[in-house]
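If you want the building blocks of each chain, they are given just below.
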Amino acid sequence: MYAYNDQSLINKLREHQVHLTQNRIAVFKLLTESKTALSVCTIMNQSESILDRISVYRALKYFLQKGLVEIVPNNKGNSRYIIASSNNVNAKSRDEKCAYFICSTCQHTEIILEPVNIKIELLTKNHINKCSLILEGICGNCK
Ligand SMILES: [Zn+2]
């Protein structure tokens, strides 16, 4: 039925009431295996299936709506996507204060699961709904 035999992946998608298509499975498989954030280009280049840009965008948009994927903010205009940690107990607090580590050498990206405590009220008098922190540095592999 599907080119992929990864039943646990398919089960996870089914748990989230994902309507399965070849493209969605292909994109989700890449993101799951990558353990870092991927750009649309990287997904297109690394996929075993032939995926065009529109298909990748559509799949990612769908996963974003389902809460399965997060966009990693960056200031370079090249959004990257990572598997959401929404199954984690910290998901609620992460929605409010979300931190990412990005390696400035290899672009390795991870979501920091521990709640990040910043006294935002000390920084600004404005009301903050959402806070995304990007911590840049050198990852273990690049040291
Ligand atoms: Zn690195």
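What you see is a predicted model, and the numbers here were worked out from it, not measured in a lab.

### Focus: the pairing of strand β3 (residues 80-83)
Here strand β1 (residues 38-39) pairs with β3 via two bridges, running antiparallel. When the bridges of β3 are listed, S39 appears paired with R80. The pairing of strand β2 (residues 69-72) with β3 spans four bridges and is antiparallel. Along β3, the bridge assignment pairs V69 with I83.

### Here we look at unusual backbone geometry
For Q17, which is not glycine, the phi torsion reads 55° and is therefore positive. Relative to the elements of secondary structure, Q17 occurs in the loop between α1 (7-15) and α2 (22-34). According to the C-beta neighbour criterion, Q17 is exposed, with 7 such atoms within 10 Å. Its identity as a non-glycine residue notwithstanding, Q107 has a phi of 70°, on the positive side. Examined against the element boundaries, Q107 turns out to sit in the loop between β4 (97-103) and β5 (109-112).

### Remarks on the confidence of the model for the chain
With 87% of its residues at a pLDDT of 70 or more, the chain has an overall mean of 82. When mean pLDDT is compared element by element in the chain, helix α4 (residues 53-66) scores highest at 95, while helix α5 (residues 91-96) scores lowest at 48. Counted against residues more than four places away or in other chains, residues 87-94, with its pLDDT under 50, gives seven contacts.

### Quick word on the sheet that holds β3
If you walk across this open sheet you meet the three strands as β1-β3-β2, and the pairing is antiparallel. On the outer flanks of this sheet lie β1 and β2, each paired with one strand and no other. Contacts from α2 reach β1, β2 and β3, with the element oriented near 80° to β3.

### Topic: the packing of α1 against α2
Taken N-terminus to C-terminus, the directions of α1 and α2 make an angle of 110°; their axes are 11 Å apart at the nearest point. Taken together, α1 and α2 sit at an angle that is classed as roughly perpendicular. Both α1 and α2 take part in a crossing whose hand is right-handed. On α2, the residues that touch L9, I10 and L13 of α1 are I25, F28, K29 and T32.

Thresholds applied
- Residues numbered from 1 in each chain as written.
- Predicted model: local features only at pLDDT ≥ 70, side-chain atom pairs only at ≥ 80, totals over all residues.
- Pairing = 2+ DSSP bridges.
- Helix = DSSP H or I, 4+ residues; strand = E, 2+ residues; numbered from the N terminus.
- Buried ≥ 20, exposed ≤ 12 C-beta atoms within 10 Å, placed from the backbone.
- pLDDT = per-residue confidence, 0-100.
- Contact = placed C-beta atoms within 7 Å.
- Axes fitted to C-alpha atoms, helices over the stretch in contact; angles between N-to-C directions.
- Parallel < 35°, antiparallel > 145°, perpendicular 65-115°, else oblique.
- Left-handed = near helix turned anticlockwise from the far one by under 90°.

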